[in-house]
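Each chain, written out:
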Amino acid sequence: MTNMQAKGRAFRAALEYVEKKYGQDKLGSFYSLYPQFIPVSGYQDLGWYDLAIYLSFSEAIDKYFGFGDASLLVEIGEYSAIHAFDTSHRLFRDISVENALSNAQAVFFPFFYAGTVEIKYLKSKKISLHLNGCPVNPYLSKKITGWLRQSCKYLKTKNVTVRELKPGKCMGYEIEWN
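Values in this document were obtained by computation on a predicted structure and should not be read as measured data.

Novice: Just checking my understanding: could you explain the packing of helix α3 (residues 51–65) against helix α7 (residues 138–154) for this structure?
Specialist: Pairs of packed helices are described in terms of their axes, by the angle between the two and the distance that separates them. Running from N to C, α3 and α7 point in directions that differ by 75°, and their axes come no closer than 9 Å. Classed by the angle they form, the pair α3 and α7 counts as roughly perpendicular. Contact with α3, carried on its side by Tyr54, Leu55, Ser58, Glu59, Asp62 and Lys63, involves Tyr139, Leu140 and Lys143 of α7 and no other residues of that element. Here the residues of the contact of α3 with α7 are counted per class, giving four nonpolar, one polar and four charged.

As structure tokens, then:
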């Protein structure tokens with residue numbers, strides 16, 4: 001996990017989301033309880049930062065603002081996807097899932113730098129997606145689940161379900177759509 005990194009935008013999206021949802025005062029009290037994350041507020045969108053910090057930051061955000069069950073991280077993942085598709089991923093809007101899948105690595109790894117994306121077609125309109133080389137982590141997995149759900153909404157799909165697969169050597173997801 002030494003060379004794995006997260007883009008500053010991934011940190012910033014989490015901070016933006018909790019500030020919008022809970023307010024500046026609550027965010028300030030988060031920093032009081034977790035002063036080790038004060039430097040995160042200065043991270044640049046395009047900068048790369050240690051993934052271990054991102055994982056511990058995500059866990060702290062979930063414990064402080066959420067219920068500790070990582071459901072808040074799904075919401076943050078969805079928020080991150082909205083921002084990505086409104087800015088850097090505009091080219092992927094309104095294309096088919098199949099076309100987006102052929103570019104899955106290009107869509108995912110601008111936020112997380114490590115590993116490869118492996119896609120298997122299970123049947124028509126159902127795939128499994130595995131992130132090889134990324135750490136298996138429940139906090140990261142929940143953010144990715146939210147990101148995938150929201151991303152699929154931008155594609156020409158209906159009735160999309162994203163399900164986390166039981167973690168093994170890598171994180172995996174099953175995506176099905178109409």
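Alright, that's what it looks like, and here's the rest.
Novice: Can you walk me through the sheet that holds strand β5 (residues 126–132) in this structure?
Specialist: By way of backbone hydrogen bonds, the strands of a sheet pair with one another, either parallel or antiparallel. The sheet built from four strands is open, its strands ordered β4-β5-β7-β6 with antiparallel pairing. One side of each edge strand has no neighbouring strand; the edge strands of this open sheet are β4 (116–123) and β6 (161–164). Taken over all neighbouring pairs, the strand axes of this sheet differ in orientation by 20° on average, direction set aside. Pairing of β5 with strand β7 (residues 171–176), which is carried by six bridges, proceeds in the antiparallel orientation. From the neighbouring strand, Ile127 faces β7, where its bridge partner is Ile175. Of the strands in this sheet, β5, β6 and β7 are in contact with α7, which crosses β7 at around 25°.

Novice: What is the right way to read the packing of aromatic side chains from this model?
Specialist: We describe a pair of aromatic rings using the distance from one ring centre to the other and the angle between the two ring planes. In total, this model carries 16 aromatic pairs according to the counting rule given. Seen from their ring centres, Tyr17 and Tyr79 are 5.6 Å apart, and the 55° between their planes marks the pair as tilted. Residue Tyr17 is found in helix α1 (residues 8–22), and its partner Tyr79 is found in helix α4 (residues 71–86); the two are separated by 62 residues along the sequence. Comparing Tyr17 with Tyr79, the two get one shared label, buried. Aromatic side chains Phe30 and Tyr34 sit 5.0 Å apart centroid to centroid with 35° between the ring planes, which places their arrangement in the tilted category. Comparing Phe30 with Tyr34, the two get one shared label, buried.

Parameters and conventions
Residues numbered from 1 in each chain as written. Predicted model: local features only at pLDDT ≥ 70, side-chain atom pairs only at ≥ 80, totals over all residues. Heavy atoms only, no water. Axes fitted to C-alpha atoms, helices over the stretch in contact; angles between N-to-C directions. Helix = DSSP H or I, 4+ residues; strand = E, 2+ residues; numbered from the N terminus. Parallel < 35°, antiparallel > 145°, perpendicular 65-115°, else oblique. Contact = heavy atoms within 4.5 Å. Nonpolar A, V, L, I, M, F, W, Y, C, P; charged D, E, K, R; others polar. Pairing = 2+ DSSP bridges. Phe/Tyr/Trp six-rings, centres within 6.5 Å; stacked < 30°, edge-to-face > 60°. Buried < 20%, exposed > 50% of the residue type's maximum accessible area, 1.4 Å probe, protein only.

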